[in-house]
Amino acid sequence: MEESRELYEAKSELLKALAHPLRLQIVRGLLVGGCHNVRCMEAGTGQSQSTISQHLMRLKAAGVVRCERSGNEMYYEVSDPDAANLVAALFGDEREDYNCTTLPSSEAARQG
C-alpha cells in the first residue's frame, strides 16, 4: 500500500464528483444511452436545464465528462474510465452494455 497521497486525493475527488444522486443519474444515463445534450437529460431526469448544467459543470471540472459542440447544442459523454467502472460496479452493469464509444472496452482497459 505504497500508493501516493496524490492518488488517494484524485480518487477521493472522483467519488465527490459522483456523490450526488443527479450527477450519478447523469453519468449512468450517458453511459447507457450514449452521448446526450442537456435537452435529453431534462427529459430523462425531470430536472431543469439550469440544474443539469450546474451538475454537468461539476462533472466536467472533475474530468468525468467532456463535451463537444454541434451547431447550437453541446453533447456530453463520459470521458473517465474509472468513473464508468465505478458506476458499473455500483449498479451491477456490464461495461459491454454501455453505449459509449469513447471509453475502452473492459478488456482493452485491462491490457492498456
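An unreviewed UniProt entry annotates the protein as Metalloregulator ArsR/SmtB family transcription factor originating from Intestinimonas massiliensis.

Asks: Account for helix H1 (residues 5-18), with residues named and values stated.
Replies: Every α-helix carries 3.6 residues per turn, so stepping three or four residues along brings you back to the same face. Between its terminal C-alpha atoms H1 stretches 20 Å, which fits the 20 Å expected from 14 residues at 1.5 Å a residue. Buried within H1 are the following residues: Leu14, Ala17 and Leu18. Take H1 and look down its axis: the buried residues cluster within an arc of 95 degrees, on one side only. Lining the buried residues of H1 we find helix H2 (21-33), helix H4 (49-61) and helix H5 (81-91).

Asks: I'd like a description of H5, backed by residues and values.
Replies: The complete set of buried residues in H5 reads Ala83, Ala84, Val87 and Ala88. Buried residues of H5 fall within an arc of 135 degrees about the axis and therefore sit on the same side. H5 presents Ala89 and Leu90 as exposed residues on the side facing more than 90 degrees away from its buried surface. Directly beyond the C-terminal end of H5, a positive phi value near 70 degrees is found at Gly92.

Asks: Talk me through the pattern of salt bridges; I want residue IDs and the actual numbers.
Replies: Applying the stated criterion across every chain, the model contains six salt bridges. Close ionic contact of Glu9 with Arg5 constitutes a salt bridge, the shortest N to O distance being 3.0 Å. Taken together, the positions of Glu9 and Arg5, both in helix H1 and four residues apart, correspond to about one turn of that helix. The salt bridge partner of Arg66 is Glu77, with a shortest N-O separation of 2.9 Å.

Asks: Outline the sheet that holds strand S2 (residues 65-70), supporting the account with residue identities and numerical values.
Replies: Ordered by their spatial adjacency, three strands build an open sheet running S1-S3-S2, and the pairing between neighbours is antiparallel. Both outer strands of the open sheet, strand S1 (36-37) and S2, are each paired with one neighbouring strand and no more. Relative to strand S3 (residues 73-78), S1 is paired through two bridges, and the arrangement is antiparallel. In the sheet register, His36 faces S3, and the bridge partner there is Tyr76. Against the sheet, H2 contacts S1, S2 and S3, and its axis sits at roughly 90 degrees relative to S3.

Asks: How would you explain the confidence of the model for the protein if you had to name every residue and give the values?
Replies: Mean pLDDT over the protein: 86, with 87% of residues reaching 70 or higher. Across the protein, H4 holds the top mean pLDDT of 96, while helix H6 (residues 106-111) sits lowest at 38. pLDDT under 50 marks residues 105-112. Its contacts with residues more than four places away, or in other chains, come to three contacts.

Asks: Lay out the nonpolar core with the relevant residues and their values.
Replies: Leu18, Ile26, Val27, Leu59 and Val64 are the most contacted members of the largest nonpolar core, which has 23 residues in total. Here this core gets six residues from one element, more than from any other, and that element is H2. Residue contacts for Leu18: discarding those within four places in its chain leaves Leu24, Val27, Leu59, Val64, Ala83, Leu86 and Val87.

Conventions adopted
- Numbers given for residues are sequential positions, taken from 1 along each chain in its written order.
- Local features in a predicted model are, by the rule used here, given only for residues with pLDDT of at least 70; side-chain atom pairs are given and counted only at 80 or more, and totals for whole chains, interfaces and linings are based on all residues.
- Just so you know, side-chain values use all the structure's heavy atoms and leave hydrogens and water out.
- Per the convention used, a helix needs a DSSP run of H or I reaching at least four residues, while a strand needs a run of E reaching at least two, with both numbered from the N terminus.
- Between the first and last residue of a helix there are one fewer steps than residues, each counted as 1.5 Å, and that sum is the expected span.
- Exposure classes here rest on a 1.4 Å probe applied to the protein chains alone. A residue is buried below 20% of its type maximum, exposed above 50%, and partly exposed in between.
- Each C-beta atom gives one direction from the helix axis, and the arc is the one those directions make.
- By definition in these notes, contact holds between two residues if any of their heavy atoms fall within 4.5 Å.
- A pair is scored as a salt bridge if a Lys or Arg side-chain nitrogen falls within 4 Å of a carboxyl oxygen belonging to Asp or Glu.
- Following DSSP output, two strands are said to pair if at least two bridges run between them.
- Axis geometry follows a simple rule: fit a line to the C-alpha atoms, using only the stretch in contact for helices, then measure angles between N-to-C directions, giving values from 0 to 180 degrees.
- Per residue, pLDDT captures the predictor's confidence, and it can take any value from 0 to 100.
- By convention a nonpolar core is built from buried Ala, Val, Leu, Ile, Met, Phe, Trp, Tyr and Cys residues, the set being connected through side-chain atoms within 4.5 Å.

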